[in-house]
Amino acid sequence: MSLQLLPNNLWPSSFVSASDPRPTRPGLVSQPQGFSRIRASQLASCRSDRSAVNAAWLFAVVLLGRKVRSARRARGGSENEASIMKAPQNLYELLGVQDDANADEIKKAYHDKMKICHPDIAGDDGEEICILLNDAYDLLSDPKEKKAYDIELHGANGMPKPVLLLEQDMAPTWEWTSKAGNKKMKPVYNGRPLSRSLHRKVPPEDQGEKWNDEKFVFVDEWTCIACRNCCDVAPRTFCIDADAGRARVFAQWGNSEELLDYAVQACPVDCIYWVSRDELQVLEYVTRDRMFENGNTVPCSMAARQGTGGGLEDPFTMATDFKAKLEEEAERRKRNQQQGEVSASISEMQERIRVLFSNLSERLRTAGWG
């Protein structure tokens, strides 16, 4: 029997015997017993089948590429035109976040884009867009600059800023709903106090001068020592907050004016005040907003009273600053409405984004905004 040798890839694995003692050359296997020859036609058929498989695979790849390009064209013309059409219209879209994104979301989005476009990674193609990303982050990470940009942006789009749609009715009794679970959400100022009002339900014999003047009680939780005196005197008005551990008003005018006045005067640290409705809604908001930022905790009452609370402002100072900002925003919106013009800074920024985005390579556009 003659010995014939063939390359490994031409022999089915079942034909190779591990017990065959005959020597082989590197890269070759000896033909097992019972197979004395391989016909030339069989060898050609094997090669032909392999070529057919390769050709079919190549055809499938080409066909898939055509389908992908056809789908892109269907979505918006040519590939280059589609990329330009998807150019961000403002700084929020440039970073890929919503216009109500918080500071952490903006920071994360900025870092994600920089990981793609930084010149150390993308080369010279990413230099200009990185400068724009830096400018976007600097503006949106500054609370004052961000607020001014939001006002101009919403004015340019013909939309009012949602959080500034304030309630105008200053009646002593306002619409109120249960705030169950509200501690898990950042409070939004809407021009309405967070406590409930029972002003209209106070019987005539329990009314007095402060009821007629439409005054309300507010507890400075920063300086409260949780003595529970107010809760004992007027239990239908005051309570101890479960998280903060300080006194808080949950229902305005839940008790008579006589009892409320006594609770104010009997407070051992003078942390309860009579205020107007306009003052009340701002004081309650800034207090709850600061507590949310601090994880629903309040500063040490002793440090707050001595002015050593780590630079923390008292609620009345915060309320004054907040009201000044509201007035400034209202004045700016009024000027924009009177002028009836799109802010030049907004239009210039939009044009800058459009130009730089259109100059990006298809690779960077797809990687960062595709």
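Residues numbered from 1 in each chain as written. Predicted model: local features only at pLDDT ≥ 70, side-chain atom pairs only at ≥ 80, totals over all residues. Heavy atoms only, no water.

(A) Highlighting the side chain of D220. If you trace the backbone, D220 turns up in the loop between β4 (216–219) and α9 (229–233). It turns out D220 is buried and unbridged, and the closest side chain with the opposite charge, R246, is 7.5 Å from it. When near neighbours in sequence (up to four residues on either side) are disregarded, D220 contacts C271, Y273 and P315. (Helix = DSSP H or I, 4+ residues; strand = E, 2+ residues; numbered from the N terminus. Buried < 20%, exposed > 50% of the residue type's maximum accessible area, 1.4 Å probe, protein only. Lys, Arg positive; Asp, Glu negative; His and termini not counted. Salt bridge = Lys/Arg side-chain N within 4 Å of Asp/Glu carboxyl O. Contact = heavy atoms within 4.5 Å.)

(B) Representation of the nonpolar core within the structure. In terms of nonpolar packing, the biggest core is built from 38 residues, with V219, F238 and I272 touching the most fellow members. Among the nonpolar cores identified, the runner-up in size contains 29 residues, and I106, C117, L140 and W369 belong to it. (Core = buried A, V, L, I, M, F, W, Y, C linked by side-chain atoms within 4.5 Å.)

(C) Region of the structure containing the packing of aromatic side chains. Counting across every chain of the model gives 10 aromatic pairs. Note on W253 and W274: the rings are 5.7 Å apart at their centroids and 40 degrees apart in plane angle, and the pair reads as tilted. Of this pair, W253 sits in the loop between β7 (251–252) and α10 (257–266) while W274 sits in strand β8 (residues 272–275), and the two are 21 residues apart along the sequence. Across the pair, exposure class does not vary: W253 and W274 are buried alike. Chaining the aromatic ring pairs together yields one cluster made of Y189, Y285 and F322. (Phe/Tyr/Trp six-rings, centres within 6.5 Å; stacked < 30°, edge-to-face > 60°.)

(D) Fine view of unusual backbone geometry. Despite not being glycine, A226 shows a phi value in the positive range, around 55 degrees. Mapped onto the secondary structure, A226 falls in the loop between β4 and α9. In this structure A226 comes out as partly exposed when scored by relative accessible area, which is 28%. Unlike most non-glycine residues, R228 shows phi in positive territory, near 70 degrees.

(E) Structural view of helix α15 (residues 362–369). Of all the residues in α15, the buried ones are L364, R365, G368 and W369. Viewed end-on, α15 has its buried residues packed into an arc of 100 degrees, placing them on one side of the element. (Arc of directions from axis to C-beta.)

(F) View of the packing of helix α4 (residues 103–117) against α15. Running from N to C, α4 and α15 cross one another at 155 degrees; their axes reach a closest spacing of 10 Å. Considered as vectors, α4 and α15 are oriented roughly antiparallel to each other. Crossing geometry of α4 relative to α15 is assigned as right-handed. Counting all contacts with α4, which are made through K113, I116 and C117, the residues of α15 involved are L364, A367, G368 and W369. Here the contact of α4 with α15 is built from residues that sort into five nonpolar, one polar and one charged. (Axes fitted to C-alpha atoms, helices over the stretch in contact; angles between N-to-C directions. Parallel < 35°, antiparallel > 145°, perpendicular 65-115°, else oblique. Left-handed = near helix turned anticlockwise from the far one by under 90°. Nonpolar A, V, L, I, M, F, W, Y, C, P; charged D, E, K, R; others polar.)

(G) Geometry of the confidence of the model for the protein chain. Confidence along the protein chain averages 75 in pLDDT terms, with 64% of residues attaining 70 or more. Note on residues 1–44: pLDDT under 50 across the span, and 44 contacts to partners over four residues away in sequence or across chains. (pLDDT = per-residue confidence, 0-100.)

(H) Region of interest: the environment of I240. Tracing the backbone through its elements, the reader meets I240 in strand β5 (residues 238–240). The exposure class of I240 is partly exposed, given its relative accessible area of 26%. Sequence spacing of I240 and C227 is 13 residues, and the spatial spacing of their C-alpha atoms is 9.5 Å. Those residues in contact with I240 that lie beyond four places of it in its chain are A226, R228, C231, G245, R246 and A247.

(I) How the structure looks around the pattern of salt bridges. Taken as a whole and judged by the stated rule, the model has 12 salt bridges. The shortest N-O distance in the salt bridge between K186 and E293 comes to 3.7 Å. Here the residue K186 occupies a position in the loop between α7 (143–156) and β3 (196–197), and E293 occupies one in helix α11 (residues 277–293), the gap between them amounting to 107 residues. Beyond isolated ion pairs, a larger network of salt bridges with shared partners links K186, D289, R290 and E293.

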